[in-house]
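Geometric and topological summary
Each chain, letter by letter, is given below.
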Amino acid sequence: MSSLYSVKDKYIFLIVSFALWFSHFIYLPILTPYIETMGGKYIFIGIVLSSYGLMQFLFRLPIGIYSDLFRLRRPFIVAGMLISTTSCLVFALTDSLGWVLIARSLAGIAAATWVVFTVLYSSYFVDREVHRAMSSISFVVVLAAQLIGMSLSGFIVNEWGWRAPFWVGGITSVMAAILSLFIYENKEVNASVPVKVKDLTSVIKEPMLIKVSLLSILAHSIIFTTMFGFIPAYALKIGLHASDISLIVFSFMIPHAIATLFMGKVIVPLLGKWKSLNIAFLASAFFTLITPFMESKGLLMIIQGFNGFSLGILFPLLLGLAIESISHEKRATAMGVYQALYALGMFSGPFIAGVLNSGFGITTGFYFTGILGLIASILIITWSRKEAITLKEHRSISS
């Protein structure tokens, strides 16, 4: 591809990527309170929130494998946008808690196609720039889709009612589905080496991929239990209004987006990958654990800002580590494994927190989530020490 053509393709791709996540995040801050207005209890809210992750767990790996076997990316992206449209429209048209659960499950299936998005976008870059690619697409997703979507959510509800965000998401999705037909896919990247099923199954056993996936399970449990889960409900519980949710979202998402830029250019080069992960997990654990003690809007905004920055370091770094050592023809499978496994966190985190919140109060879920961050830190320290010992032994043998 020429440089001009590459730039055009990247812009088209990023616009469609924006639309996929914008359509899901435009209603996310009001989803928990909205279900409460329909009579849903915390345990049901936890089921709805977790269904999003469960569908991704079930569908991401098959999507990745079939994408590699058929050497196709774009058809999966188009399908994802159409399913996203259906999800938003079901939300907008229903009065039933059962259909709300179905709509959120469809959103999870649409999000499962992200495995193909990330692999196709990384093919636009040379291998040494894979972290840069993941950082840039994470920035677009976080700053544009998540920040704009979640920030507008409360305002849209105040102006046009609870269902308006779902209509906005549906319209955005259908427009992006049309645009996705023009996404460029260089099939020569996947056609160079014949792919066999046994080659793809070997990817699942990659030690680094399993480690990174486990850490990502914990990271996604944290964010989908806090800001993407029960933080809006907690904010209303301590006396904030629906319009204040946008301020809480801003306080989280702006540092979250800034961190994605600093991650690849400053933080990782300065501290290294393992140390960056460890510090980010420890920070997130601390700020999550003290969240129940924040009973004013100002303090809650400050804590969410620090937590947003910490989590903003984690996700693009883990995403790059998942595929950087995997060959191009197997990357959709590797990304399918990675994203399917971390979807366990999107499922189990909110579900367990929902059960705990129902039994012991909404603050209990934050304590549970903070402990997950501490567990991640322990794993990182253990693995990095083993890696250092192995490297030392290897050098001794070589000398």
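Just so it is clear, the structure is predicted and the values come from calculations on it, not from any experiment.

1. Observations regarding the overall build of the protein chain
- Scanning the protein chain for helices and strands turns up 16 helices and 0 strands.
- Across the protein chain, contacts joining residues at least 24 apart in sequence account for 86% of those joining residues at least 6 apart.
- Summed over all atoms, the accessible surface of the protein chain reaches about 16100 Å², with 70% contributed by carbon and sulfur.

2. A look at empty space enclosed by the protein
- Applying the stated criterion across every chain, the model contains 3 cavities of 30 Å³ or more.
- Taken as a whole, the largest cavity holds about 360 Å³ of empty space.
- Along the wall of the largest cavity there are 24 residues; nearest its centre are Trp114, Gln146, His220, Phe315 and Tyr342.
- Counting residues per element, the ones that place at least two in the lining of the largest cavity are helix 1 (3-25), helix 3 (42-70), helix 7 (130-160), helix 11 (207-237), helix 12 (244-271), helix 14 (297-323) and helix 15 (331-360).
- Examining the composition of the lining of the largest cavity, we find that 5 residues originate from one element, helix 7, more than from any other.
- Of the residues assigned to the lining of the largest cavity, the class counts are 16 nonpolar, 7 polar and 1 charged.

3. Brief notes about the environment of Met208
- Turning to its location among the elements, Met208 is positioned in helix 11.
- Assessed through its relative accessible area of 28%, Met208 is described here as partly exposed.
- Along the chain, Met208 and Ser325 lie 117 residues apart, while their C-alpha atoms are 8.9 Å from each other.
- Once residues within four sequence positions are removed from consideration, Met208 is found in contact with Trp274, Leu321 and Glu387.

4. Quick word on the environment of Ala145
- In this fold, Ala145 is placed in helix 7.
- Expressed as a C-alpha distance, the spacing of Ala145 and Trp21, which sit 124 residues apart in the sequence, is 5.6 Å.
- Excluding its chain neighbours within four sequence positions, the residues that come into contact with Ala145 are Phe18, Trp21, Phe22, Phe25, Val140 and Met150.

The rules behind each value
Residues numbered from 1 in each chain as written. Predicted model: local features only at pLDDT ≥ 70, side-chain atom pairs only at ≥ 80, totals over all residues. Heavy atoms only, no water. Helix = DSSP H or I, 4+ residues; strand = E, 2+ residues; numbered from the N terminus. Contact = heavy atoms within 4.5 Å. Areas by Shrake-Rupley, 256 points an atom, 1.4 Å probe, with all protein chains shown as cover. 1 Å grid on protein atoms, 1.4 Å probe; cavity = no way out; pocket = protein on both sides within 12 Å on 5 of 7 lines; lining within 4 Å. Points joined across faces, edges and corners; volume = space filled by probe spheres on them. Nonpolar A, V, L, I, M, F, W, Y, C, P; charged D, E, K, R; others polar. Buried < 20%, exposed > 50% of the residue type's maximum accessible area, 1.4 Å probe, protein only.

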